[in-house]
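Examining the three-dimensional arrangement
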Amino acid sequence: QVQLVESGGGLVQAGGSLKLSCAGSGRTFSSYAWGWFRQAPGKEREFVAAISWIGGRRSYTDSVKGRFTISRDNAKNTVYLLMNSLKPEDTAVYYCAADSHGSRLYESWHEYDYWGQGTSVTVSS
């Protein structure tokens, strides 16, 4: 059974940092691309960041560029999202996702094959 499990969410003050982790199990994800998405209350799920299967290419939504960093550890079947300089508008449930088209970086959540259950991030002002 394939599972993605996120961790690392929580409550942080504006300007603070959090590091999210997403561990995959049930198969090897080294050939998959990884993505992070988020969904704020009353809003659509939106793309945050993605990383290719080798890790050489990354993509970010404009609102997080320069503040968030996506990385992966294939040996641990894990993807990370380091979030710095957090803002109240970053408050959302964050989801990791895995895409079998490992070399492509999709921003549409429809393209992803596996999803985690989400971890909540709240940034207070």
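A short tour of the structure in this document, coming up.

Rules of the game
- Residues numbered from 1 in each chain as written.
- Predicted model: local features only at pLDDT ≥ 70, side-chain atom pairs only at ≥ 80, totals over all residues.
- Heavy atoms only, no water.
- Disulfide = S-S within 2.5 Å.
- Helix = DSSP H or I, 4+ residues; strand = E, 2+ residues; numbered from the N terminus.
- Buried < 20%, exposed > 50% of the residue type's maximum accessible area, 1.4 Å probe, protein only.
- Phe/Tyr/Trp six-rings, centres within 6.5 Å; stacked < 30°, edge-to-face > 60°.
- Lys NZ or Arg CZ within 6 Å of the ring centre and 35° of its normal.
- Core = buried A, V, L, I, M, F, W, Y, C linked by side-chain atoms within 4.5 Å.
- Contact = heavy atoms within 4.5 Å.

The subject of this paragraph is the state of the cysteines. Applying the stated rule across the entire model yields one disulfide. Between the sulfur atoms of C22 and its disulfide partner C96 the distance amounts to 1.9 Å. Classification of the bridge connecting C22 and C96 rests on its S-S torsion, roughly 50°, and on that basis the disulfide is right-handed. You can see C22 sitting in strand β3 (residues 18-25) and its partner C96 sitting in strand β9 (residues 92-99), a full 74 residues away along the chain. Residue classification places C22 among the buried residues on the basis of a relative accessible area of 0%.

So, on to the packing of aromatic side chains. Applying the stated criterion across every chain yields a total of nine aromatic pairs. Taking the centre distance of 5.7 Å and the plane angle of 75° together, the rings of F37 and F47 count as edge-to-face. Taken together, the positions of F37 in strand β4 (residues 33-39) and F47 in strand β5 (residues 46-51) put the pair ten residues apart, joining distant regions of the chain. Residue F37 is classed as buried on the basis of its relative accessible area of 0%. Classification of F47 by relative accessible area gives buried; the value is 6%. The rings of F37, F47, W109, Y112 and W115 are connected pair by pair, giving a single aromatic cluster. Positioned above the aromatic ring of Y80, the side-chain terminus of K19 is 4.7 Å from the ring centre. Lying across the ring of W109, R45 places its NZ or CZ 6.0 Å from the centre.

For the rest of this paragraph, the subject is the nonpolar core. Counting residues in hydrophobic clusters, the biggest one holds 27 residues, and the most contacted among them are W36, L81, M83 and Y94. Contributions of two or more residues to this core are made by β3, β4, β5, β7 (68-73), β8 (78-83), β9 and β11 (119-124). If we skip the residues at most four places from it in the chain, M83 touches G16, S17, L18, L20, R67, F68, Y94 and V121. Judged by nonpolar contacts, the second largest core, of six residues, contains F37, F47, A50 and Y112.

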